[in-house]
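Remarks on the overall topology
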Amino acid sequence: MTTNGLGTTEGSAPPYALGPDHAADRDRADPLARFRERFYTQPDRIYLDGNSLGLASRDAEAAVLAALDDWKRFGIDGWLGGERPWFYLAEELGALEAELVGASPDELVVTGSTTVNLHSLVSTFYRPSGARTRILADELTFPSDVYALASQVRLRGYHPDEHLVLVRSRDGRTLDESDVVEAMTDEIALVVLPTVLYRSGQLLDVERVTRAARERGIPIGWDCAHSVGAVPHRLHEWGVDFAFWCTYKYLNGGPGAVGSLFVHERHFGTMPALAGWWGHHKDRQFDMTLDFEPAPGAGAWQIGTPPVLGAAALYGSLAMFREAGLERVRAKSLDQTGYLMYLIDELLSPLGFAVGTPREAWRRGGHVALEHPDAVRIARALKQRGAIPDFGRQT
Ligand SMILES: *Cc1c(COP(=O)(O)O)cnc(C)c1O
């Protein structure tokens, strides 16, 4: 058994075989197969883009309709009345999500979006002082993260060329954790990295990198957009300072769904840099005093009113995750992506395709990167034939 904490077990290679009969056998043996009917799928489509936008489920739809109904029936009283009072929605959903990332319920809140939460958390945890003035990130991360981090550096009067340090990739696909650790010098004030790289699907050794940052006294935050709902996490146990993600990819929360953030409990009581009334202590939020009293948990990092109708989808989606069990989702995902890589090796590699994702189970997230020099045209042709991939340009 191999594990980096995020990954689950890596057993001996399952016996894959070519042909549709083998695929049908696998479907019959799949303990999660029944969940397929809970999603809206199109008969003539093969949807392979859940890592960019998860499909709509009947469960999420029902939860949104229930919130809409409360709006119709209760108007403003929906905040404290109705089936699920909206006033507690962000904390309640946070508690439901907590088990997916190994957090305690008050370390997690559903709010903002990936990039907005990054800004809010980095504003708080980037505290340049003395020689420690730089942010460490990586060159393969999602561009939005780099835009945001560069602007955070500028906000403090520095220049990103000097103060935003990007760990280089050796192969253009993956990061070497040793390179990341080596870059944690005495000049680094904060580390922000993705758990899973959005193009290659490499899963970083979050536990190891977090430990290295903490040993050097550097706060570390993780962008979990591509790992939440696909792989188990132990954010609390690993001592991660903060984390943030969206819920519209593997969590199937819907287009533009509200994001989430995690703040380790050792930071409770820290004043959020970007305060707003929704981060106020809930018991006294409506006292409307001008003195900001932060909520005792991660809820303090909320800024304004949550988007209730959209966020409601998560009640349905997270309940489904609880029913299915993330460990089983991860096991199926590793098995399916293993099978996919086998098929690529057998059928596509003679045609010039390559797998860009690390092979080891503990080094990959929930998707497989297929590489080809003519990928733009191939992706377009696949779409025309009803198979929906995601497409990412190699830099
Ligand atoms: C999808 C994704 C984002 C998207 O940011 P939004 O603010 O939700 O638009 C950011 N970072 C990573 C790593 C992502 O995968």
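Residues numbered from 1 in each chain as written. Predicted model: local features only at pLDDT ≥ 70, side-chain atom pairs only at ≥ 80, totals over all residues. Heavy atoms only, no water.

**Focus: the pairing of strand β3 (residues 134-138)**
Of all five residues making up β3, five are buried, and the element is well covered by its neighbours. Residue alternation in β3 divides its side chains into two sets, R134, L136 and D138 and I135 and A137, and both sets are buried. In the sheet, β3 pairs with strand β4 (residues 164-167) via four bridges, with the strands oriented parallel. Within β4, the residue paired with L136 across the bridge is V165. (Buried < 20%, exposed > 50% of the residue type's maximum accessible area, 1.4 Å probe, protein only. Helix = DSSP H or I, 4+ residues; strand = E, 2+ residues; numbered from the N terminus. Pairing = 2+ DSSP bridges.)

**Concerning the site of the ligand**
Around the ligand sit S113, T114, T115, F142, D145, D223, A225, H226, C246, Y248 and K249, and that is every residue in its neighbourhood. Side-chain polar atom of T114 to an oxygen atom of the ligand: 2.8 Å apart, as the coordinates give it. Considered on its own, the ligand offers 390 Å² of accessible surface; in the complex 87% of this is hidden by protein. By residue class, the composition of the shell around the ligand is four nonpolar, four polar and three charged. (Near = heavy atom within 4 Å. Polar contact = N/O pair within 3.5 Å; in protein donor to acceptor, adjacent residues only side chain to side chain. Areas by Shrake-Rupley, 256 points an atom, 1.4 Å probe, with all protein chains shown as cover. Nonpolar A, V, L, I, M, F, W, Y, C, P; charged D, E, K, R; others polar.)

**Examining the domain arrangement of the protein chain**
The domain architecture assigned to the protein chain consists of domain 1 (2-57 + 325-388) and domain 2 (65-321). Using C-alpha coordinates to define each centre, domain 1 is positioned 27 Å away from domain 2. The interface is formed by 31 residues belonging to domain 1 together with 33 residues belonging to domain 2. Interface area for domain 1 against domain 2, summed over the two sides, is near 2600 Å², with a carbon-plus-sulfur share of 57%. Seen at the junction of domain 1 and domain 2, the total is one salt bridge. Among the ionic pairs, E371 bridges to R173, the shortest N-O distance being 2.6 Å. Inspection of the region where domain 1 meets domain 2 yields eleven residue pairs in polar contact (both at pLDDT 80 or more). With four residues, the single largest contributor to the side of domain 1 that touches domain 2 is helix α12 (residues 326-348). For the side of domain 1 that touches domain 2, the per-class residue count stands at ten nonpolar, 15 polar and six charged. (Domains from an automatic or database assignment. Contact = heavy atoms within 4.5 Å. Buried area = accessible area lost by both parts, 1.4 Å probe. Salt bridge = Lys/Arg side-chain N within 4 Å of Asp/Glu carboxyl O.)

**Observations concerning the packing of aromatic side chains**
With the rule as written, the count across this model stands at 13 aromatic pairs. Ring geometry for Y16 against Y342: centres 5.7 Å apart, planes inclined by 35°, an arrangement best described as tilted. Taken together, the residues span a long stretch of sequence, with Y16 in the segment before α1 (20-28) and Y342 in helix α12 at a distance of 326 residues. Look at W277 and W278: their rings are 4.9 Å apart centre to centre, the planes differ by 80°, and that puts the pair in the edge-to-face class. We classify W277 as partly exposed; its relative accessible area is 36%. A relative accessible area of 3% means that W278 is categorised as buried. Among the aromatic residues, those joined into a ring-pair cluster are W79, W86, F87, Y88, W277, W278 and F286. Sitting above the plane of the Y40 ring, R58 keeps its charged end 4.3 Å from the centroid. Here K249 stacks its cationic end above the ring of F142, 5.1 Å away from the centre of that ring. (Phe/Tyr/Trp six-rings, centres within 6.5 Å; stacked < 30°, edge-to-face > 60°. Lys NZ or Arg CZ within 6 Å of the ring centre and 35° of its normal.)

**As for the sheet that holds strand β8 (residues 260-263)**
The mixed open sheet is built from seven strands, whose spatial order is β2-β8-β7-β6-β5-β3-β4. Strands at the two margins of the open sheet, each flanked by one partner only, are β2 (108-110) and β4. Direction aside, the axes of adjacent strands within the sheet are offset by 20° on average. Running at roughly 165° to strand β7 (residues 242-245), helix α4 (residues 114-125) makes contact with β3, β5 (188-194), β6 (220-223), β7 and β8 of the sheet. (Axes fitted to C-alpha atoms, helices over the stretch in contact; angles between N-to-C directions.)

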